[in-house]
Structure formats: C-alpha cells, structure tokens
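The lines below spell out each chain.
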Amino acid sequence: MLLDRNDDYYMDLALREADKAWEAGEVPIGAVIVHQNRVIGKGYNQTEMLQDPTAHAEMIAITAAAEHLGSRRLLDCSIYITLEPCAMCSGAIVLARLPRLVYGAKDPKAGASGSLYRITDDQRLNHRCSITSGIREFQCSAILTSFFAHLREQRNGNK
C-alpha cells in the first residue's frame, strides 16, 4: 500500500463531492482525479438526475480529467473515490491507464477492486494500478450508512 501525504486531503475533496450527491438525492459517492498535485477532474453520482446508469462519480471524474488533459490516458494521475469502484468503474480506471487508485470504504456487494473482483490489479490485463484503501474509511462508510438510514426513514414515514 503506497501512502501519500496528501491522501487524506484529496479524500476529503472526494467526500465533498459525495455531499453534493446526497444534496441531489443521489447515493453519496464522490471522486476526484489529481495530476501533479492539482485536481483535474471531479464527480459525484448522478445516475438518478441524468437517468443514466453509467453516471457514477468515477465516470464523471474520468471524463472531466480526460478532457482537461486532452487525452484518454490519465498517466501520472491518481483517482480518489469514497467507495471501492464497481466493475464498470474499475474497468474504466484500467482503460484510462490510471496508475493509482485510492478509495475509502470497501464495497462487499459490488466492489471490483478487492472485495468481489480485482479488476484494477488483475495480472491478466494490460494495465494495473496500485491500490490504497481505507483512507478516511469511517467517514466514507458513515455518509453511505446515514444516507440509506435516511431513505428508510422517509419510506417508513410515507406509509
């Protein structure tokens, strides 16, 4: 596990993106992409707002970073995500050639970077990235737990 002294700072920025998702009524997951100590892409879940199943925080951040660099290859970049990426997002991380993935909370139901699958560091693929997990894990888990508790309360209150 490669630790960077800025991991906590950038995960805090990803958590701010997750807050935006919550405010929009989306599952609160946020992502930021950093190149040369500068955020060049950020995103939060927008699947409900856009009615697009691919509008995950990671996909939005990758699109913004690729546009910023003018390249589909995000070499020398790190992606910070509040929740372990799913199979789609892990695949996009590999295709974007991101060398480093940092995430907060594990996702035992859909995680594809360690929990269920290991797409981002699968030796059979043509690109792998280093993975650092557990950065601000408590906060990353807590926002999701609170969001779903809030949803359950709303549903139970509307019966």
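Here's what I pulled together on the structure shown here. What you see is a predicted model; the values in this text were computed from it and never measured. (Residues numbered from 1 in each chain as written. Predicted model: local features only at pLDDT ≥ 70, side-chain atom pairs only at ≥ 80, totals over all residues. Heavy atoms only, no water.)

## Let's talk about the pattern of salt bridges
Here comes step 1: Taken as a whole and assessed by the stated rule, the structure comprises seven salt bridges.
Here comes step 2: Here R136 makes a salt bridge to D8, at a shortest N to O gap of 3.7 Å. Of the two residues, R136 is situated in the loop between β5 (130-133) and α5 (137-157) and D8 in helix α1 (residues 7-23); the sequence distance between them amounts to 128 residues.
Here comes step 3: The exposure class assigned to R136 is buried, which follows from its relative accessible area of 19%.
Here comes step 4: Assessed through its relative accessible area of 43%, D8 is described here as partly exposed.
Here comes step 5: Between E17 and K20 there is a salt bridge, with its nearest N and O atoms 2.9 Å apart. A residue pair is termed a helical-turn pair when its members lie 3 or 4 positions apart in one helix, as E17 and K20 do in helix α1 at three residues.
Here comes step 6: The class for E17 is buried, based on a relative accessible area of 5%.
Here comes step 7: Salt bridges linked by common partners bring D8, D12, R16 and R136 together as one network. (Salt bridge = Lys/Arg side-chain N within 4 Å of Asp/Glu carboxyl O. Helix = DSSP H or I, 4+ residues; strand = E, 2+ residues; numbered from the N terminus. Buried < 20%, exposed > 50% of the residue type's maximum accessible area, 1.4 Å probe, protein only.)

## Thoughts on the pairing of strand β2 (residues 38-44)
Here comes step 1: Pairing analysis gives six bridges linking strand β1 (residues 30-35) to β2, with the strands arranged antiparallel. Its bridge partner lying in β2, I33 is registered against G41.
Here comes step 2: Where β1 hands over to β2, the hairpin turn is made up of two residues, of which Q36 adopts a positive phi near 50°. (Pairing = 2+ DSSP bridges.)

## Thoughts on the sheet that holds β2
Here comes step 1: An order of β2-β1-β3-β4-β5 is seen for the five strands of this open sheet, with the pairing classed as mixed. Sheet topology places β2 and β5 at the edges, where each strand pairs with a single neighbour. Averaged over all neighbouring strand pairs, the angle between strand axes comes to 15°, with direction disregarded.
Here comes step 2: Here β1 pairs with strand β3 (residues 77-83) via five bridges, running antiparallel. When the bridges of β3 are listed, A31 appears paired with I81.
Here comes step 3: Relative to the sheet, helix α3 (residues 57-69) contacts β1, β2 and β3, its axis offset from that of β2 by approximately 145°. (Axes fitted to C-alpha atoms, helices over the stretch in contact; angles between N-to-C directions. Contact = heavy atoms within 4.5 Å.)

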